[in-house]
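# Structural overview
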Amino acid sequence: AMDRIVVAAVKLARGRSTEDMVSSLQWLSHDPDLQAADLILQTNAVVRRLLLDNSLELARRATDLVPASVMETATRHWRGDNEGSSSLPAGAVKEILALQNYLTAMESFNDWFDHYHKGQPTKPVLGPNPSFTERVAHEQREKQYLSELERWRSGQLVQSRQTEERLRTVLTFPGGWLLENDDEDEDEDSMDTRETDPEEVERQSQMTSLRKQLVPRTVTLLHTLLHNTGQYAKSIALADLVASDQHAIYSAFTSQDLKELLA
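Okay, so let's go over this structure.

Calculation rules
- Residues numbered from 1 in each chain as written.
- Predicted model: local features only at pLDDT ≥ 70, side-chain atom pairs only at ≥ 80, totals over all residues.
- Heavy atoms only, no water.
- Helix = DSSP H or I, 4+ residues; strand = E, 2+ residues; numbered from the N terminus.
- Rg over C-alpha atoms; globule rule 2.2 N^0.38 Å.
- Buried < 20%, exposed > 50% of the residue type's maximum accessible area, 1.4 Å probe, protein only.
- Contact = heavy atoms within 4.5 Å.
- Areas by Shrake-Rupley, 256 points an atom, 1.4 Å probe, with all protein chains shown as cover.
- Lys, Arg positive; Asp, Glu negative; His and termini not counted.
- Charge placed at Lys NZ, Arg CZ, Asp CG, Glu CD.
- Phe/Tyr/Trp six-rings, centres within 6.5 Å; stacked < 30°, edge-to-face > 60°.
- Core = buried A, V, L, I, M, F, W, Y, C linked by side-chain atoms within 4.5 Å.
- Axes fitted to C-alpha atoms, helices over the stretch in contact; angles between N-to-C directions.
- Parallel < 35°, antiparallel > 145°, perpendicular 65-115°, else oblique.
- Left-handed = near helix turned anticlockwise from the far one by under 90°.
- Nonpolar A, V, L, I, M, F, W, Y, C, P; charged D, E, K, R; others polar.
- Polar contact = N/O pair within 3.5 Å; in protein donor to acceptor, adjacent residues only side chain to side chain.
- Salt bridge = Lys/Arg side-chain N within 4 Å of Asp/Glu carboxyl O.
- 1 Å grid on protein atoms, 1.4 Å probe; cavity = no way out; pocket = protein on both sides within 12 Å on 5 of 7 lines; lining within 4 Å.
- Points joined across faces, edges and corners; volume = space filled by probe spheres on them.

### A word on the overall build of the chain
For the chain, the count of helices and strands is 11 helices and zero strands. When the elements of the chain are put in sequence order from the N terminus, they spell out α-α-α-α-α-α-α-α-α-α-α. Against the globule reference of 18 Å for 263 residues, the chain gives a C-alpha radius of gyration of 23 Å, more extended than a compact globule. Taken along its principal axes, the extent of the C-alpha atoms in the chain is 85 × 40 × 40 Å. Per-residue burial over the chain gives 37% buried out of 263 residues. Considering only contacts within the chain whose residues lie at least 6 apart along the sequence, 69% involve residues at least 24 apart. Here the chain displays about 15,200 Å² of accessible surface, and carbon together with sulfur accounts for 50% of that area. Treating the 28 positive side-chain charges of the chain as one cloud and the 42 negative ones as another, the clouds have centres 10 Å apart.

### Some details on the packing of aromatic side chains
By the definition in use, this model includes seven aromatic pairs. Aromatic rings pair up to connect Phe-109, Trp-112, Phe-113, Tyr-116 and Trp-152 into one cluster.

### What about the nonpolar core?
Side chains that are nonpolar tend, in soluble globular proteins, to be buried together. Ile-40, Leu-51, Trp-177 and Ile-249 are the most contacted members of the largest nonpolar core, which totals 60 residues. With 13 residues, helix α6 (residues 90-118) is the largest single contributor of residues to this core. Contacts of Ile-40, omitting those with residues within four sequence positions, involve Val-70, Ala-74, Leu-88, Ala-92, Val-93 and Ile-96.

### Structural notes on the packing of α6 against helix α9 (residues 198-228)
α9 packs onto α6 with a crossing angle of 30 degrees between their chain directions and a minimal axis gap of 11 Å. Judged by the angle between their axes, α6 and α9 are roughly parallel. The handedness of the crossing between α6 and α9 comes out as left-handed. Together, Gly-91, Ala-92, Glu-95, Tyr-102, Met-106, Phe-109, Trp-112, Tyr-116 and His-117 of α6 and Arg-203, Met-207, Leu-214, Arg-217, Thr-218, Leu-221, Thr-224, Leu-225 and Asn-228 of α9 make up the contact between the two elements.

### Some details on the packing of helix α3 (residues 32-52) against helix α4 (residues 56-64)
Each pair of packed helices can be described by the angle between their axes along with the distance between the axes. Look at α3 against α4: their axes get within 8 Å of each other, and the N-to-C directions meet at 170 degrees. When the axis of α3 is compared with that of α4, the two are roughly antiparallel. When α3 is examined against α4, the residues Thr-43, Val-46, Val-47, Leu-50 and Leu-51 are found in contact with a partner set consisting of Leu-56, Leu-58, Ala-59, Ala-62 and Thr-63. For the contact of α3 with α4, the class distribution of residues is eight nonpolar, two polar and no charged.

### Structural notes on the side chain of Lys-94
Structurally, the position occupied by Lys-94 is in helix α6. Its relative accessible area of 4% is what places Lys-94 among the buried residues. There is a polar contact of 3.5 Å between the side chain of Lys-94 and the backbone oxygen of Gly-175.

### Description of the pattern of salt bridges
For the structure on display, the rule yields 11 salt bridges. Arg-203 is paired through a salt bridge with Glu-95; the nearest N and O atoms lie 2.9 Å apart. A residue pair is termed long-range when its members are at least 10 positions apart, and Arg-203 in helix α9 and Glu-95 in helix α6 qualify at 108 residues. Look at Arg-203 and you get buried, because its relative accessible area is 10%. The shortest N-O distance in the salt bridge between Glu-164 and Arg-168 comes to 3.1 Å. Highlighted residues: Glu-164 and Arg-168, both in helix α7 (residues 132-171), separated by four residues, approximately one helical turn.

### What to know about the layout of surface pockets
Rolled over the atoms, a probe sized like a water molecule indicates the empty space that remains. Space inside the second largest pocket adds up to approximately 210 Å³. Considering the residues around the second largest pocket, the lining is formed by 12 residues, among which Pro-32, Asp-33, Ala-36, Thr-73 and Leu-88 are closest to the centre. Listing elements by their share of the lining of the second largest pocket, those giving two or more residues are α3 and α5 (68-79). Looking at which element gives the most residues to the lining of the second largest pocket, the answer is α3, with six residues.

Structure representation (structure tokens):
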């Protein structure tokens, strides 16, 4: 069937440049009703590879190629409020939502970081032995500085809270970020397929690698934000969040990672 040929072509594109790999996903977005499952599966494969290469911008472009209608269906499927039966694979739906959450969180953190370090207004300095005119001009500049500083602090407060929430969404992702549970397997046959299918073996390996790389990184970024914004109690409480069995965050850490976090 034509849809199988298109999927095969998208897979072959992953052997070419990263740009080709991303743009090939467009071939699966022409008919969202029929191609949604394949589009989600192939987008996940592309984004996993890009994240392993630390290509965040291209990974975001890849997820942006998934039509909003497909993501809405996937979100309803994830929440369990979709009407009727769904042909979307549960594991792939959970994965694309987890990947999107991470990309959104990183985008938000980078914006906050730039605003925090580059957007802060500079306090004017009055030179030695100023004249009366220079003192008056300095007072005007200082008033303007205080006004800009207040706007910057107000913006920082809103932006830091939003970024904190998005980073926590990754760490507290239901079921664990890129962590699959046994009850997500549909039956024993599907489990056997998972263990023998080369693509599925590669997927599991990539997810494990990404989890070990990106979950500790997300914790570090959240600590950076909390510490820099003076939220020291929350910063220290991160250790409890990592140690909690509820989200199994600690399972993504090596012993050395944990020592560095506690330090």
